[in-house]
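This is what each chain is made of:
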Amino acid sequence: MTHKLAIFNMKGGVGKSTSAYNISAGLVQFHQKRVLLIDIDPQGHASAALGIPIWQLDKQLKDVLQRQANIREVVISTASGVDVVPSNILLAEEEIPISGFPGRELLLRKAIGAIADQYDYVLIDCPPNIGVFSVNALMAADAVLIPVDMSYLGLLGINGIERALSLVREQLDHPIDIAGVLATRFDARNNLSKEVLKSLQDHFGPKVFQTRIPETVKLREAPSFSQSIFEYEARGAAAKAYQDLIDEVVQTYE
Ligand SMILES: Nc1ncnc2c1ncn2[C@@H]1O[C@H](COP(=O)(O)OP(=O)(O)OP(=O)(O)O)[C@@H](O)[C@H]1O
Ligand SMILES: [Mg+2]
């Protein structure tokens with residue numbers, strides 16, 4: 001069975017792309033899973049972090065959503081072992097046209113249908129908003145993984161996330177689940193981190209992953225070397241945290 005997870009939070013800079021590419025790489029490296037990472041953010045950060053030259057794409061996700069390419073034609077196999085459907089800023093230019101397509105919310109789900117069963121996991125990295133691309137990601141996924149940074153505004157954003165999930169469940173009739181809420185950019189020396197984590201646990205209960213991702217410059221540096229954190233600093237705290245998180249994800253599903 002294929003597990004389809006959207007990495008979703010409308011707030012920017014919470015660690016969606018960092019989590020999407022590192023979880024993908026770790027699922028391959030530590031659990032020998034077949035993983036497809038779909039980058040539905042025109043920033044293309046998850047694609048770029050895995051070494052894809054996003055300014056030299058012949059075809060990309062935009063062509064699939066426009067129904068001008070089959071998804072098989074745009075999949076790129078990366079050195080990490082993760083297959084990627086990449087994007088770049090040209091996707092943003094198609095947002096308004098795509099928003100006018102009939103069945104616009106289901107374009108990604110339909111496109112993935114042709115190849116999903118070749119993978120154990122399909123991860124979808126969402127943009128920081130709730131436009132047509134995020135809705136496509138949510139409609140294509142079985143569950144959301146929600147990274148939340150340890151800030152007051154991070155907490156404030158929970159309301160919006162829940163509204164978006166309700167909209168998908170009630171208006172679009174798709175019973176999307178919460179795979180888990182991930183505390184990111186955690187700084188144990190900082191009381192705010194502890195307070196935000198406590199509020200998340202009060203609100204989401206056992207849906208909050210036990211693992212917290214620490215704030216560390218290594219996670220910021222790794223993409224510039226096209227490396228996952230497991231390659232860039234295998235023995236560091238961030239690699240340990242992402243590996244623990246991946247173990248939790250795998251246990252949730254298997
Ligand atoms: N745990 C962390 N510690 C330190 N830096 C981090 C951490 N997680 C992410 N970052 C850095 O913070 C920035 C934002 O992270 P990232 O791109 O993963 O967030 P995002 O939620 O995908 O952002 P966007 O909403 O713009 O897509 C990046 O420069 C990234 O390297
Ligand atoms: Mg991102």
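Residues numbered from 1 in each chain as written. Chains lettered and ligands numbered in written order. Predicted model: local features only at pLDDT ≥ 70, side-chain atom pairs only at ≥ 80, totals over all residues. Heavy atoms only, no water.

Novice: Help me understand helix α11 (residues 191–204) in this model?
Specialist: Count 3.6 residues to each turn of an α-helix, and residues three or four apart come out pointing the same way. Between its terminal C-alpha atoms α11 stretches 20 Å, which fits the 20 Å expected from 14 residues at 1.5 Å a residue. Within the span of α11, buried status applies to S193, V196, L197, L200 and F204. When α11 is viewed along its axis, its buried side chains cluster within an angular range of 100 degrees and face the same direction. The inward-facing, buried residues of α11 contact β6 (143–149), α9 (152–156), α10 (158–171), β7 (177–186) and β8 (208–214). Here α11 starts with a cap whose side-chain oxygen sits 2.7 Å from the backbone nitrogen of L192, and that cap is N190. (Helix = DSSP H or I, 4+ residues; strand = E, 2+ residues; numbered from the N terminus. Expected span 1.5 Å × (residues − 1). Buried < 20%, exposed > 50% of the residue type's maximum accessible area, 1.4 Å probe, protein only. Arc of directions from axis to C-beta. Contact = heavy atoms within 4.5 Å. Polar contact = N/O pair within 3.5 Å; in protein donor to acceptor, adjacent residues only side chain to side chain.)

Novice: What should I look at first to understand the packing of aromatic side chains in this one?
Specialist: Aromatic ring pairs: the centre-centre distance and the angle between the two ring planes describe each pair. Per the stated rule, a full pass over the model turns up three aromatic pairs. Seen in terms of ring centroids, F30 and F230 are 4.9 Å apart; in terms of plane orientation they differ by 90 degrees. Their pairing is edge-to-face. Taken together, the residues span a long stretch of sequence, with F30 in helix α1 (residues 16–31) and F230 in helix α13 (residues 229–232) at a distance of 200 residues. With a relative accessible area of 27%, F30 lands in the partly exposed category. Residue class for F230 comes out buried when judged on its relative accessible area of 5%. One residue, R212, lies across the ring of F186, its end atom 5.1 Å from the ring centre. (Phe/Tyr/Trp six-rings, centres within 6.5 Å; stacked < 30°, edge-to-face > 60°. Lys NZ or Arg CZ within 6 Å of the ring centre and 35° of its normal.)

Novice: Any chance you could explain the site of ligand 1 here in plain terms?
Specialist: For ligand 1, the set of nearby residues contains 18 residues, the closest of which are K16, S17, T18, P214 and T216. Here an oxygen atom of ligand 1 and a backbone polar atom of V14 are 3.0 Å apart. At 2.9 Å from a nitrogen atom of ligand 1 is found a main-chain nitrogen or oxygen belonging to T216. When ligand 1 sits alone it has 620 Å² of accessible area, and the protein chains cover 85% of it. Sorting the residues of the shell around ligand 1 by element identifies α1, β8 and α12 (217–221) as the ones contributing at least two each. Per element, the largest residue contribution to the shell around ligand 1 is three residues, and it comes from α1. (Near = heavy atom within 4 Å. Areas by Shrake-Rupley, 256 points an atom, 1.4 Å probe, with all protein chains shown as cover.)

Novice: Would you take a moment to explain the packing of α1 against helix α14 (residues 237–253) for this structure?
Specialist: When two helices pack together, their arrangement is captured by the angle between the axes and the distance separating the axes. It is the contact of α1 with α14, at a shortest axis distance of 9 Å, that shows an interaxial angle of 75 degrees. Between α1 and α14, the crossing angle belongs to the class labelled roughly perpendicular. From α1, T18, S19, N22, I23, G26, L27, F30 and H31 reach across to α14, where they touch Y242, Q243, L245, I246, D247 and V250. Grouping the constituent residues of the contact of α1 with α14 by class yields seven nonpolar, six polar and one charged. (Axes fitted to C-alpha atoms, helices over the stretch in contact; angles between N-to-C directions. Parallel < 35°, antiparallel > 145°, perpendicular 65-115°, else oblique. Nonpolar A, V, L, I, M, F, W, Y, C, P; charged D, E, K, R; others polar.)

Novice: Explain the pairing of strand β2 (residues 35–39) here, please?
Specialist: Remember that side chains alternate between the two faces of the sheet whenever the strand is regular. Most of β2 sits out of view: five of its five residues are buried. Of the two faces of β2, the one holding V35, L37 and D39 and the one holding L36 and I38 are both buried throughout. As paired strands, β2 and strand β5 (residues 121–125) are joined by five bridges and run parallel to one another. In the sheet register, V35 faces β5, and the bridge partner there is Y121. One ladder, built from three bridges, connects β2 with strand β4 (residues 83–85); its direction is parallel. The residue bridging I38 from the neighbouring strand is V85, located in β4. (Pairing = 2+ DSSP bridges.)

Novice: Before we go on, may I ask you to explain the nonpolar core in this structure?
Specialist: Across soluble globular proteins, nonpolar side chains show a tendency to be buried alongside one another. Membership of the largest hydrophobic core comes to 52 residues, with the highest contact counts inside it found for I38, I40, L65, L108, I112, I124 and V144. With near-sequence residues (within four places) excluded, V144 lies in contact with A6, F8, L138, L165, I176, D177, I178, A179 and G180. (Core = buried A, V, L, I, M, F, W, Y, C linked by side-chain atoms within 4.5 Å.)

Novice: Would you explain the side chain of S47 in this entry?
Specialist: One can find S47 in helix α2 (residues 45–49). If we skip the residues at most four places from it in the chain, S47 touches D39, I52, I54, V84, P86 and S87.

Novice: Would you mind going over the sheet that holds β8 with me for this structure?
Specialist: Pairing in this open sheet of eight strands is mixed, and the strands run β3-β4-β2-β5-β1-β6-β7-β8 from one edge to the other. Looking at which strands have only one partner, the edges of the open sheet turn out to be β3 (76–77) and β8. The sheet contact formed by strand β1 (residues 3–7) and β6 spans three bridges and is parallel. Residue pairing for β6: L5 is matched across the bridge by A143. Here α1 sits on the sheet and contacts β1, β2, β5, β6 and β7; the angle it forms with β5, its principal contact strand, is near 165 degrees. Sitting on the sheet, helix α8 (residues 132–140) touches β1, β5 and β6, and the angle it makes with β1 is about 155 degrees.

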